[in-house]
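What follows is the residue order along each chain.
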Amino acid sequence: MSDEPQPQQPTEGWAPGEPPGDAKKPKRPKRTGWRRLIPTWRMVLGTFVLGVLLLVGLFYLGYSTVKIPPANALATKQSNVYLYADGTEIARDGEINRENVDLSQISKDAQHAVLAAEDRNFYSESAVDPKAMLRAGWNTATGKGKQSGSTITQQYVKNYYLAQEQTVTRKVKEFFIAIKLDREKSKDEILEGYLNTSYFGRNTYSIQSAAKAYYGIDAAELTAAQGAYLAALVNAPSEYDVIAHPENKKAAEARWNYVLDGMVTKGWLSESERQGMKFPTPKETSGADTGMSGQRGYLVNAIKDYLKDNKIVTSEDLEAGGYRITTTIQKKKQDAFVDAVNDQLMDKLDKKNRKVDTYVRAGGAAVEPKTGKVLAMYGGIDYIKQYTNNATRQDFQVGSTFKPFVFTSAVENDSTTQDGRTITPNTIYDGTNRRPVQGWSGGTYAPENEDYVNYGNITVRQATDKSVNSVYAQMAVDVGPAKVKQTAIDLGLPTDTPDLHPYPSIALGTATASVLDMAEAYATLANHGKHGTYTIIEKVTKDGQSVDLPKRKTTQAVSREAADTTTAVLQSVVNNGTATAALAAGRPAAGKTGTAEEDQAAWFAGYTPDLATVVAVMGQDPETAAHKSLKGAMGLARINGGGAPTEIWAQFIKEALKGTTAHDFDLDVQPGSADTGIPSSPSSPSPGTGGSPTPGGQGDQGQTQGQTQGQTSSGTTDGGSTTSGTGTTDGGTTDGNTSSGTTDGNTSTGTADGGTGDAGTSTGTGDAGTSTGTGDAGTPGSGSQGTTTGTGTQLTTRRELD
């Protein structure tokens, strides 16, 4: 065998031209089916890298091209112009109430409060917060509420450098300008600028002007509690003003608590200080004039609220300005309203010598029934002295002006009494003071009549004339409190009216609807049950282009029969009841007076066929904003609905409709509801003592319990009328009674016996409630001639109920 190396034998599968030691690699199988849809890791990585490069490029492009503009937001701000229906100007809101101060002139508590409310990590984080922006965008897109997600720096950029419109372009600019600004200015400079440009409501555009408008102090004096409230306002300036919108106080307090809790969390406020804080109710006055004195400010704010509530124009759009808004307010009627309030109320006050006179304020609204147009609105004595619009506030009880809604609901629902009698104006009810309501399962409820007067058996018409609480509480149960509530809503009260609850007390007017709400509801009655939401706007334009307004929808809220029958009953209130002062208007009129608990408000809601108008006189402390009783105001023992409110109404209506044809009501009333000739009031209602029903057998005082069920009468009720029939008195039965005089008068002279007698005679005039009777206090028995054995005289002082 040779020592030379021998050639290797080829291995299995070896071919010439291939390395003998390497096996051929198998090809990667092709992706088939659904696997082709899944990107490979190379594709994912490549896309991510490209995306990052694209974002970096776009960021660089945006950062390079977007420059910090000059402060032009205020320079380009336009006025909104508000016009009367005839085109004359009410006001323009272009004037800005701003007072710039250094950051050192703003209390640390106020600074920290704003940071706690808007951007708690302002000093430690960057100018933008991408997470917050994404979260806000997601919440807005998913319907969880519109949120900005902006830092204080971004908000300052929007306020100072940019416009208010909500566009993608503006948000992009805001993003880049905020980043640049954060590099060029210190945090203190940005915070100072933010506090000097933010809107706090009451037409204030800086924290210094806000501190003066809300608390009458400089920003340097703001406490933590006050600063927290102003900080809360930034989130919703109009809604969180608890003086202008007392119905939103709970929401404002919740936001205030959120701010204080944030201050504690960040260590800016101790827990002990936090626990002892009380909500700092702001002052009533609005601060600077800025062209909004007199009625102008009230009207402008009501117009703005209407535009925003009806989604015609947003708050941001209004702040940007440039709108020309023609209202339905008629200048002649507006001026007439101011004159009427001054003549019948304000000029009669003595604020120097009667403290209670400083509490007096008034609100009013007039609505055209057929169109729903608000033709006049009285908000207060002066917008810069009393900021709250008394025509739109919802925090005073409406009192007995609610009672007509109960009766309307009774007719609408064909309701019956507990013993099955259909409720009509002539249905007899028991008007006894503190009579327990029957048929109510929610516990004993026995409302007092005003001044504890017992009326005994009384018709619905009479009970309306005299505003008898015991009758109407029972009627509310007979109808069903839930049905009564729904009727009130159908007529025009907002569904969320405070304290509008389905209980028997609903009949007494515990709800706190606004004057404007009540005017809308009464306009529905005047319009034969047809309801259309009120409108205060005739036309809106921006840059010469019309802005779409919502179409007014009219529905038959209640039947014409229900509305017209109520109108007929309310005519009696004007002609015979508590609202006779309305006759001075010289027009056919219907209406109802009302008084809130503790005499804190007095109302008159009335209408002619052409105009529905509501007037309220309210009591409020100008310093604390607390509700106050009106007892003693104007030097009177009490102010009731039949006094100043009705007198204001009468003067306004007379002047507002001057020169127009007076129209009678065209009524289609409920069958059986016509006036049957029953006197408009019981012949002698008795004042109860301690709220207890007056017992029978008081012949020595000449009192009668009131008319009895089933009493018959003939003839008319006024001015020397003669009635004959048989009626029951406290002491027995008299026959052939003859009475003459006015039925409203509670002065009576009569002969009555302790037993059964004949030829009793009574005469009376006046309404002072003086009763003179002849008779004895004997036990009921029998007698032939009704001989009297004693004489007694009683003087009762009783104010007409409202």
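Residues numbered from 1 in each chain as written. Predicted model: local features only at pLDDT ≥ 70, side-chain atom pairs only at ≥ 80, totals over all residues. Heavy atoms only, no water.

Caption draft 1: Spotlight on a nonpolar patch on the surface. Residues Leu-45, Phe-48 and Val-49 make up a contiguous nonpolar surface patch of roughly 290 Å² in combined accessible area. Inspection of the secondary structure puts Phe-48 in helix 1 (residues 41-65). (Patch = residues over 30% accessible without salt bridge, like charges linked within 9 Å, V, L, I, M, F, W, Y side chains within 5 Å. Areas by Shrake-Rupley, 256 points an atom, 1.4 Å probe, with all protein chains shown as cover. Salt bridge = Lys/Arg side-chain N within 4 Å of Asp/Glu carboxyl O. Helix = DSSP H or I, 4+ residues; strand = E, 2+ residues; numbered from the N terminus.)

Caption draft 2: How the structure looks around the sheet that holds strand 10 (residues 537-542). Read from one edge to the other, the open sheet built from five strands follows the order 2-1-3-10-11, with strand pairing classed as mixed. Bordering the open sheet on either side are strand 2 (89-92) and strand 11 (545-546), each of which pairs with just one other strand. As defined by bridge partners, strand 3 (residues 323-327) adjoins strand 10 across five bridges and the pair is classed as antiparallel. Within strand 10, the position partnered with Ile-325 by the bridge is Val-540. (Pairing = 2+ DSSP bridges.)

Caption draft 3: Region of the structure containing the packing of helix 14 (residues 403-412) against helix 18 (residues 515-526). The interhelical angle for the contact between helix 14 and helix 18, taken along N-to-C directions, is 40 degrees, at an axis separation of 11 Å. Our pair here, helix 14 against helix 18, has a crossing hand that is left-handed. Where helix 14 abuts helix 18, its residues Pro-404, Phe-405 and Thr-408 lie against Met-518, Ala-521, Tyr-522 and Leu-525. Grouping the constituent residues of the contact of helix 14 with helix 18 by class yields six nonpolar, one polar and no charged. (Axes fitted to C-alpha atoms, helices over the stretch in contact; angles between N-to-C directions. Left-handed = near helix turned anticlockwise from the far one by under 90°. Contact = heavy atoms within 4.5 Å. Nonpolar A, V, L, I, M, F, W, Y, C, P; charged D, E, K, R; others polar.)

Caption draft 4: Fine view of the nonpolar core. Within the largest apolar cluster, 123 residues are counted, with the highest numbers of intra-cluster contacts made by Leu-345, Phe-402, Phe-405, Met-475 and Phe-652. Here this core gets nine residues from one element, more than from any other, and that element is helix 18. Excluding its chain neighbours within four sequence positions, the residues that come into contact with Leu-345 are Ala-340, Val-360, Ala-362, Val-617, Met-634, Ala-644 and Ile-648. Residues Ile-217, Ala-231, Val-242 and Ala-252 belong to the second largest nonpolar core, which totals 52 residues. (Core = buried A, V, L, I, M, F, W, Y, C linked by side-chain atoms within 4.5 Å. Buried < 20%, exposed > 50% of the residue type's maximum accessible area, 1.4 Å probe, protein only.)

Caption draft 5: Summary view of the pattern of salt bridges. Applying the stated rule across the entire model yields 17 salt bridges. Asp-335 is paired through a salt bridge with Lys-331; the nearest N and O atoms lie 3.0 Å apart. Linking Asp-335 with Lys-331, this pair stays in helix 13 (residues 331-344), spanning four residues, or about one helical turn. Classification of Lys-331 by relative accessible area gives partly exposed; the value is 34%. The partner of Glu-450 in a salt bridge is Arg-638, with the nearest N and O atoms 3.0 Å apart. Highlighted residues: Glu-450 in the loop between strand 6 (428-430) and strand 7 (453-454) and Arg-638 in the loop between strand 15 (612-619) and helix 20 (644-656), separated in sequence by 188 residues. Through salt bridges with shared partners, one network takes in Glu-450, Asp-451, Asp-599 and Arg-638.

Caption draft 6: Geometry of the sheet that holds strand 15. With respect to topology, five strands assemble into an open sheet ordered 5-4-15-14-13, the strand pairing being antiparallel. Each edge of the sheet is formed by a strand with only one pairing partner; in this case those strands are strand 5 (374-378) and strand 13 (590-595). The mean angle between the axes of side-by-side strands here comes to 5 degrees, regardless of whether they run parallel or antiparallel. The strands touched by helix 20 are strand 4 (360-367), strand 5, strand 13, strand 14 (601-607) and strand 15; relative to strand 15, the strand with the most contacts, the crossing angle is about 145 degrees.

Caption draft 7: Spatial organisation of the layout of surface pockets. Estimated volume of the second largest pocket: approximately 600 Å³. What lines the second largest pocket is a set of 26 residues, and nearest its centre among them are Glu-448, Glu-450, Asn-469, Ala-596 and Glu-597. When grouped by side-chain class, the residues that make up the lining of the second largest pocket number six nonpolar, 10 polar and 10 charged. (1 Å grid on protein atoms, 1.4 Å probe; cavity = no way out; pocket = protein on both sides within 12 Å on 5 of 7 lines; lining within 4 Å. Points joined across faces, edges and corners; volume = space filled by probe spheres on them.)

Caption draft 8: Just the pairing of strand 13, in detail. Among the six residues of strand 13, six are classified as buried, and the element is accordingly described as predominantly covered. Because side chains alternate across strand 13, one face comprises the buried residues Ala-590, Lys-592 and Gly-594, and the other comprises Gly-591, Thr-593 and Thr-595, equally buried. With six bridges joining them, strand 13 and strand 14 adopt antiparallel strand pairing. By the bridge assignment, Thr-593 is partnered in strand 14 with Phe-604.

Caption draft 9: Expanded view of the packing of helix 16 (residues 469-479) against helix 17 (residues 481-491). Packing of helix 16 against helix 17 leaves a shortest axis separation of 6 Å and a crossing angle of 95 degrees. Comparing the axis directions of helix 16 and helix 17 gives the class roughly perpendicular. Only Pro-481, Lys-483 and Val-484 of helix 17 make contact with helix 16, whose side of the interface consists of Ala-476, Val-477 and Val-479. Across the contact of helix 16 with helix 17, the residue classes tally to five nonpolar, no polar and one charged. (Parallel < 35°, antiparallel > 145°, perpendicular 65-115°, else oblique.)

Caption draft 10: How the structure looks around the packing of aromatic side chains. Under the defined criterion, the tally for this structure stands at 16 aromatic pairs. Measuring from ring centre to ring centre gives 4.7 Å for Tyr-199 and Tyr-205, while their planes differ by 40 degrees; the resulting arrangement is tilted. The buried category is assigned to Tyr-199, whose relative accessible area is 18%. Residue Tyr-205 is classed as buried on the basis of its relative accessible area of 11%. Over the aromatic face of Phe-122 sits the side chain of Lys-187, whose NZ or CZ is 4.7 Å from the ring centroid. (Phe/Tyr/Trp six-rings, centres within 6.5 Å; stacked < 30°, edge-to-face > 60°. Lys NZ or Arg CZ within 6 Å of the ring centre and 35° of its normal.)

Caption draft 11: Representation of the pairing of strand 3. The buried count for strand 3 comes to four of five residues, which makes it a mostly enclosed element. Inspection of the sheet shows strand 1 (residues 81-83) paired to strand 3 by three bridges, in the parallel sense. By the bridge assignment, Val-81 is partnered in strand 3 with Arg-324.

Caption draft 12: Looking closely at the side chain of Gln-154. Inspection of the secondary structure puts Gln-154 in helix 4 (residues 152-160). When its relative accessible area of 0% is taken as the criterion, Gln-154 is described as buried. A polar side-chain atom of Gln-154 sits 3.1 Å from the main-chain amide nitrogen of Thr-151. (Polar contact = N/O pair within 3.5 Å; in protein donor to acceptor, adjacent residues only side chain to side chain.)

Caption draft 13: Examining unusual backbone geometry more closely. At Ser-467, a residue that is not glycine, the phi angle is positive and equals roughly 55 degrees. Considering the arrangement of structural elements, one finds Ser-467 in the loop between helix 15 (460-466) and helix 16. We classify Ser-467 as buried; its relative accessible area is 2%.

Caption draft 14: Examining a negative patch on the surface more closely. On the surface, a cluster of negative charge is contributed by Asp-339, Asp-343, Asp-347 and Glu-655. Here Asp-343 shows up in helix 13. Using a relative accessible area of 37% as the deciding quantity, one classes Asp-343 as partly exposed. (Lys, Arg positive; Asp, Glu negative; His and termini not counted. Charge placed at Lys NZ, Arg CZ, Asp CG, Glu CD.)

Caption draft 15: Looking closely at helix 14. For helix 14, the buried fraction is high: nine of the 10 residues fall into the buried class. Listed as buried for helix 14 are Lys-403, Pro-404, Phe-405, Val-406, Phe-407, Thr-408, Ser-409, Ala-410 and Val-411. Directly after helix 14, the chain includes Asp-414, whose backbone phi takes a positive value near 50 degrees.

Caption draft 16: Broad picture of the environment of Gln-620. Relative to the elements of secondary structure, Gln-620 occurs in the loop between strand 15 and helix 20. Considering only alpha carbons, one finds Gln-620 and Asp-357, 263 residues apart in sequence, at a separation of 10.0 Å. Discounting residues that sit within four places of it in the chain, Gln-620 has contacts with Thr-358, Tyr-359, Arg-361, Arg-393, Phe-396, Ala-625, Ala-626, His-627 and Lys-628. Of note is the side chain of Gln-620, whose polar atom sits 2.9 Å from the backbone oxygen of Ala-625.

Caption draft 17: Spotlight on the confidence of the model for the protein chain. A residue-level look at the protein chain finds 71% of positions with pLDDT of 70 or above and a mean pLDDT of 79. Scored below 50 in pLDDT, residues 677-684 shows 31 contacts in the model against residues more than four places distant or in partner chains. (pLDDT = per-residue confidence, 0-100.)

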